[in-house]
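# Residue-level structure breakdown
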Protein chains: 2
Amino acid sequence: MEMENDINTFFEPEGIVLVGARRSPGFGYGIPFILRQRGWGQRLFLVNPNGGEIDGMPLYKSASEVPGPIDLGIVVVPAPSVPKVLSELGQLGVRHIIIETAGFAEAGEKGIALQAEVEKVRKKHDLRIIGPNCIGIVNNVNGFSTNEILPEAFPQGVTSIIAQSGVFGNILLDKLYALNLFICKAITLGNRMDIDECDMLDYLHRDPETRLIMLYLEGAADGRRLRETLARVSKDKPVLVLKSGRTDQGRAATASHTGSLSGVDSLYTGMLDQAGAIRAESLDELITLARIFATQPLPQGNRLGIVTGSGSMGALATDSAVVAGLETPQPSAETIEKVKAEAPEWMNVKNPLDVGPSGQFKIALSAMLQDPGIDMVMAITTIPHSVFRSILSKGITGEQIFGNIPAIRSQEPEKPFLICVVAHDEIYDHMIEIAGSHIPVVKSPEMAAKGMAALWRYRNIQTDNPK
Amino acid sequence: MEMENDINTFFEPEGIVLVGARRSPGFGYGIPFILRQRGWGQRLFLVNPNGGEIDGMPLYKSASEVPGPIDLGIVVVPAPSVPKVLSELGQLGVRHIIIETAGFAEAGEKGIALQAEVEKVRKKHDLRIIGPNCIGIVNNVNGFSTNEILPEAFPQGVTSIIAQSGVFGNILLDKLYALNLFICKAITLGNRMDIDECDMLDYLHRDPETRLIMLYLEGAADGRRLRETLARVSKDKPVLVLKSGRTDQGRAATASHTGSLSGVDSLYTGMLDQAGAIRAESLDELITLARIFATQPLPQGNRLGIVTGSGSMGALATDSAVVAGLETPQPSAETIEKVKAEAPEWMNVKNPLDVGPSGQFKIALSAMLQDPGIDMVMAITTIPHSVFRSILSKGITGEQIFGNIPAIRSQEPEKPFLICVVAHDEIYDHMIEIAGSHIPVVKSPEMAAKGMAALWRYRNIQTDNPK
């Protein structure tokens, strides 16, 4: 229980001191502004040895002069000053510190020595530290953020992020926000001199608001502990993992980035798999998986139905689905009958179901989704751009072309469902509007099929490891 | 030579008869309109047994009534009428036919029998046939098109497409056009009862306007001939291949789509590799490869330099590059010195070169590109959306942030170069404008790295197989 509260303070501090508050633009300058804007101004105290103020916010000359209670320190002073600042905070009883400053273990010998010095201070005062070389955390439930760069609007969601790298964290925030995938908590760990991915996995495991965890890892701080932690967390919440450092050269790159030793990749592959984590092979795949896991239920079986306007796309999706462990059985006699009743003679009613230019997309989709022998459905739309524009110009709506997608989907809410748009971006954007925020709309049929297979694999992980 | 002229007629006909011209919307209705719009109205004759006219264009009751010379027939009549129409055309001496109608070998037993009947007529009159079940060809050099659905603007480029599936062909046209990748010729083959991918590879091999060939294949008509043809063509022009039917289920899907037997996939993998073709693993990869091959020179070596604003993206790109056969050597002493002269102390000058928020992106990019130990360069930009908007709102331009990319690139025009934007789409769109049409701008660092490696592999294919 004490351990738990130890981490909670980072997300729900009583009072915060920002040591190294800048009076002019540069790294960390935006922190007081973003905290004030997000409702944390009253609990925030700024320290700068020169005193003065920033936009009406007073600057105290040292942490000891701060007039209110503080339990969290954010440190953005230059690296050589960090040990001294930590001593001061430790003496004041501030045990939780986020060191955002870079120039430690990731920056060569001098930095490694400096980080060792910080570690001595940490031990002496029994501090808990996130960082150094990070941008700390975002709690999108209560608004708290030590990250000065957030998307312009930032609604609360169910997906939480753990990233070693601060920039990576911010890339994900931007990309996910643009896809209407909203964030619950986001943590960047930097050099992990104390708090690591396992501490944060455990925290998010307990966190009632988090339903899905995305983890970007350059190397495990402790491989065995990571395996145990992932196995424990994965029983309850899916953990999507993107790991760099598959090659010696990639590992060398991470060493000078967050001071990580990535370890041999083949060990990770087996370990992540055994622990029930879901590994993505690329950033795009990580994001596609997140969109699917954040919105779709787990399937009851591995039988995928595909409805498409293009036989080629149906074949490409089928290949990827089968390679990833799904089946694509033929539709039931009843489904075939339902579709044939409305279909032109040339239409081959099977799975994948290629409706071509028949206009039977919505009927086929609805029939496939309701087929009791099908556990999940993927629709692939492929209308040419010039045709789409000409149809819209005649006042025909996207809903008339594709059907009322949310209504079709709601007939079988327990079956995973997604739409893949292989067409001009204008059609993709249009489909995102039609589909609403609970149906993933993706661009790659191969990745969509892999994502459906990952849902099934995760379902098995949960079944094999009952709580 | 006779064989060559045999194919040329499809792309440069003297006179065309469209048999089955429709008087109301439906499949094929747009063909007379698109041909007239593209300057082919004078050479086009429309046949419909009911006579009359379409928008001022007369309808002849049969092909024998047509007043001008014809050497190409486009057939869109219902499937059962196709054998009779072909006999008529054969008797009139029209030897080149594109059958767009579906409902043949792809559509079950009745269709298979009908296609056999067509084959008899073909043999009797020594016809050359594209199709059935296709949308024929587009020649973007002289404007000729039997495809009624083209992107709204359609400038001529150096990339030609061969696709079995008509819908797939149109998807590619739309997607490539949206990425400023312009088309030279596009061919859809359908059921390939006569003309197949090898005939078209040979035609595009000879075609002086085509520099790059994209091939979507469901199954080879003749595996050995395909290998020999690909080997011959690949010596001179890169051939990018996407093949479906990797699994039994995927093969079954193609059988009912273009009547193909896809064959066992493992044989294709070895065959395509030996023949020097470049295989893409997904539609997205095919398109990324096309953008790189259409615009970039071949590298002199396999040494990739990476300049990035994110250490994580640098590590992910490095992993993919090394797995695909590239090296990422350290920069020369001179390059290191050049970059360090302007860089803040924390910057680790190595490869991948992470410039972080230093503002040194353009200096680092220029230095890396000019390093004699580096054969190709990939830049990865990662600016947060809110920062980007705030910078633009201050009147600072993208060029000031990223540098004059075309000017930097022109310092070393012989080295492959690309930009990867891992950020909000607004930044991607902005970068496409800044970079101009000769520098590929892509979204996935992993796929970008694979694409650079494919350039190097193709360079070796050319070196190993001197002309």
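Small disclaimer: the values here were computed from a predicted structure and weren't measured. (Residues numbered from 1 in each chain as written. Chains lettered and ligands numbered in written order. Predicted model: local features only at pLDDT ≥ 70, side-chain atom pairs only at ≥ 80, totals over all residues. Heavy atoms only, no water.)

## Brief notes about the overall build of chain A
Check the secondary structure of chain A and you find 18 helices and 18 strands. Dimensions of chain A, computed from the C-alpha atoms along their principal axes, are close to 85 × 50 × 40 Å. Here chain A, with 467 residues, has 61% of them falling under the buried criterion. When contacts within chain A are restricted to residue pairs at least 6 apart in sequence, long-range pairs at least 24 apart make up 73% of them. Of the roughly 17,400 Å² of accessible surface on chain A, 50% is carried by carbon and sulfur atoms. (Helix = DSSP H or I, 4+ residues; strand = E, 2+ residues; numbered from the N terminus. Buried < 20%, exposed > 50% of the residue type's maximum accessible area, 1.4 Å probe, protein only. Contact = heavy atoms within 4.5 Å. Areas by Shrake-Rupley, 256 points an atom, 1.4 Å probe, with all protein chains shown as cover.)

## Points about the pattern of salt bridges
Taken as a whole and judged by the stated rule, the model has 42 salt bridges over all chains. Aspartate 6 of chain A is the partner of arginine 95 of chain A in a salt bridge, and the nearest nitrogen-oxygen pair spans 3.3 Å. Taken together, the residues span a long stretch of sequence, with arginine 95 of chain A in the loop between helix 3 (82–91) and strand 6 (96–99) and aspartate 6 of chain A in helix 1 (residues 2–11) at a distance of 89 residues. One salt bridge in this structure joins aspartate 375 of chain B and arginine 303 of chain B, with 2.8 Å as the shortest N-O distance. Here arginine 303 of chain B lies in the loop between helix 10 (283–295) and strand 14 (304–308) and aspartate 375 of chain B lies in the loop between helix 13 (361–370) and strand 16 (376–381), a separation of 72 residues in the sequence. One salt-bridge network, held together by shared partners, links Asp6, Arg95, Glu119, Arg122, Lys123, Asp126, Arg128 and Asp194 of chain A. (Salt bridge = Lys/Arg side-chain N within 4 Å of Asp/Glu carboxyl O.)

## Describing the relation of the copies chain B and chain A
Aligned on chain A, chain B shows an RMSD of 0.0 Å; the corresponding rotation is 180° and the shift along the axis is 0.0 Å. Between the two chains, the operation in question is that of a two-fold axis. (Least-squares fit on C-alpha atoms with pLDDT ≥ 70 in both.)

## Quick word on the environment of glutamate 337 of chain B
All names here are of chain B. As for its position among the elements, glutamate 337 is in helix 12 (residues 333–342). We classify glutamate 337 as exposed; its relative accessible area is 60%. Linking glutamate 337 and valine 349, residues twelve residues apart in sequence, is a C-alpha distance of 8.8 Å.

## Structural notes on the interface of chain B and chain A
Each side of the interface is counted separately: chain B has 63 residues, and chain A has 63 residues. In this assembly, chain B packs against chain A so that about 4,700 Å² is buried in total across both faces, 60% of it on carbon and sulfur atoms. In this assembly, chain B and chain A are joined by 20 residue pairs in polar contact (both at pLDDT 80 or more). Residue assignment for the side of chain B that touches chain A shows that the elements contributing at least two residues are helix 5 (166–178), strand 12 (239–243), helix 8 (248–258), helix 10, helix 11 (311–323) and helix 14 (385–393) of chain B. For the side of chain B that touches chain A, the per-class residue count stands at 23 nonpolar, 23 polar and 17 charged. (Buried area = accessible area lost by both parts, 1.4 Å probe. Polar contact = N/O pair within 3.5 Å; in protein donor to acceptor, adjacent residues only side chain to side chain. Nonpolar A, V, L, I, M, F, W, Y, C, P; charged D, E, K, R; others polar.)

## What about the sheet that holds strand 9 (residues 156–163) of chain A?
All names here are of chain A. The six strands are arranged 8-10-9-11-12-13 in an open sheet whose pairing can be described as mixed. The sheet is open, and its two borders are formed by strand 8 (137–139) and strand 13 (278–280), each paired with just one other strand. When strand polarity is set aside, the average angle formed by the axes of neighbouring strands in this sheet is 20°. As paired elements, strand 9 and strand 11 (residues 212–217) share five bridges and run parallel to each other. Looking at strand 11, one finds that alanine 163 is bridged to tyrosine 216. Across the face of the sheet, helix 9 (residues 265–274) comes into contact with strand 11, strand 12 (239–243) and strand 13 while running at roughly 140° to strand 13. In the packing of helix 10 (residues 283–295) onto the sheet, contacts are made with strand 9, strand 11, strand 12 and strand 13, and the angle to strand 12 comes to roughly 175°. (Pairing = 2+ DSSP bridges. Axes fitted to C-alpha atoms, helices over the stretch in contact; angles between N-to-C directions.)

## A closer look at the sheet that holds strand 17 (residues 417–421) of chain A
All names here are of chain A. As summarised here, the arrangement of the five strands in space is 15-14-16-17-18, forming an open sheet in which the pairing is parallel. In this open sheet, the two strands that pair with only one neighbour each are strand 15 (353–354) and strand 18 (441–442). Note: strand 16 (residues 376–381) against strand 17, five bridges, orientation parallel. Each residue of the ladder has a partner; that of isoleucine 380, found in strand 17, is cysteine 420. Relative to the sheet, helix 13 (residues 361–370) contacts strand 14 (304–308), strand 15, strand 16 and strand 17, its axis offset from that of strand 16 by approximately 165°.

## So, the nonpolar core
Phe168 of chain A together with Phe168 of chain B are the most contacted members of the largest nonpolar core, which totals 104 residues. Leaving out residues up to four positions away in the same chain, phenylalanine 168 of chain B has contacts with Ser312, Met313 and Leu316 of chain A together with Ala163, Tyr216, Leu242, Leu283 and Leu286 of chain B. (Core = buried A, V, L, I, M, F, W, Y, C linked by side-chain atoms within 4.5 Å.)

## Topic: the packing of helix 10 of chain B against helix 18 (residues 445–464) of chain B
Residues and elements named next belong to chain B. As a packed pair, helix 10 and helix 18 sit with axes 9 Å apart at the nearest point and diverge in direction by 55°. On the basis of the axis angle, helix 10 is oblique to helix 18. For helix 10 against helix 18, the interelement crossing comes out right-handed. In this structure, helix 10 uses Asp284, Glu285, Thr288, Leu289, Ile292 and Phe293 to contact helix 18, whose residues at the interface are Met447, Ala448, Lys450, Gly451, Met452, Ala454, Leu455 and Tyr458. Grouping the amino acids of the contact of helix 10 with helix 18 by side-chain chemistry returns nine nonpolar, two polar and three charged. (Parallel < 35°, antiparallel > 145°, perpendicular 65-115°, else oblique. Left-handed = near helix turned anticlockwise from the far one by under 90°.)

## Structural notes on the packing of aromatic side chains
All names here are of chain A. Taken as a whole, this structure holds 16 aromatic pairs over all chains when the rule is applied. Their ring planes at 10° and their centres at 4.0 Å tell us that phenylalanine 11 and tyrosine 203 sit as a pair that is stacked. On the criterion of sequence distance, the pair formed by phenylalanine 11 in helix 1 and tyrosine 203 in helix 6 (residues 197–206) is long-range, its members being 192 residues apart. Taking relative accessible area as the criterion, phenylalanine 11 reaches 0% and is therefore assigned buried. With relative accessibility at 4%, the residue tyrosine 203 sits in the buried group. Between the aromatic rings of tyrosine 29 and phenylalanine 33, the centroid separation amounts to 5.2 Å while the plane-to-plane angle is 45°, which identifies the pairing as tilted. (Phe/Tyr/Trp six-rings, centres within 6.5 Å; stacked < 30°, edge-to-face > 60°.)

## Focus on unusual backbone geometry
Cis geometry marks the peptide bond from asparagine 351 of chain A to proline 352 of chain A; its omega dihedral reads 0°. Here the amide bond leading from glycine 131 of chain B into proline 132 of chain B is cis, since omega sits at -5°, within 30 degrees of zero. Looking at where proline 132 of chain B falls in the secondary structure, it is placed in the loop between strand 7 (128–130) and strand 8 (137–139). Even without a glycine there, the phi angle at aspartate 126 of chain A is positive, about 55°. Residue position: aspartate 126 of chain A is located in the loop between helix 4 (109–125) and strand 7 (128–130). Of note in the backbone geometry, asparagine 180 of chain A takes a positive phi value of approximately 60° without being a glycine.

## Some thoughts on the pairing of strand 14 of chain A
All names here are of chain A. Across the five residues that make up strand 14, a large majority, five, are buried. Judged by which residues are buried, strand 14 turns out to be covered on both faces: Leu304, Ile306 and Thr308 on one side and Gly305 and Val307 on the other are all buried. Bridge count between strand 14 and strand 15: two bridges; the pairing is parallel. Its bridge partner lying in strand 15, valine 307 is registered against leucine 353.

## Comments concerning the confidence of the model for chain A
The share of residues in chain A with pLDDT of 70 or more is 96%, and the mean pLDDT across the chain is 92. The complex model carries a pTM of 0.92, and its ipTM stands at 0.90. (pLDDT = per-residue confidence, 0-100.)

## Some remarks on the side chain of glutamate 106 of chain B
Residue and element names in this part refer to chain B. As for its placement among the helices and strands, glutamate 106 is situated in the loop between strand 6 (96–99) and helix 4 (109–125). Of the buried charged residues, glutamate 106 lacks a salt bridge, with arginine 192 as the closest side chain of opposite charge at 11 Å. Of the polar contacts made by the side chain of glutamate 106, one reaches the backbone nitrogen of glycine 103; its length is 2.5 Å. (Lys, Arg positive; Asp, Glu negative; His and termini not counted.)

## Quick notes on the pairing of strand 9 of chain A
Residues and elements named next belong to chain A. Burial runs high along strand 9: six of the eight residues are buried. In this structure, strand 9 lies alongside strand 10 (residues 183–188), joined through five bridges in parallel fashion. Bridge pairing in strand 10 places isoleucine 162 opposite isoleucine 187. The parallel pair strand 9 and strand 10, bridged by helix 5 (residues 166–178), forms a crossover whose chirality is right-handed. (Right-handed = clockwise from strand over helix to strand, strands pointing away.)

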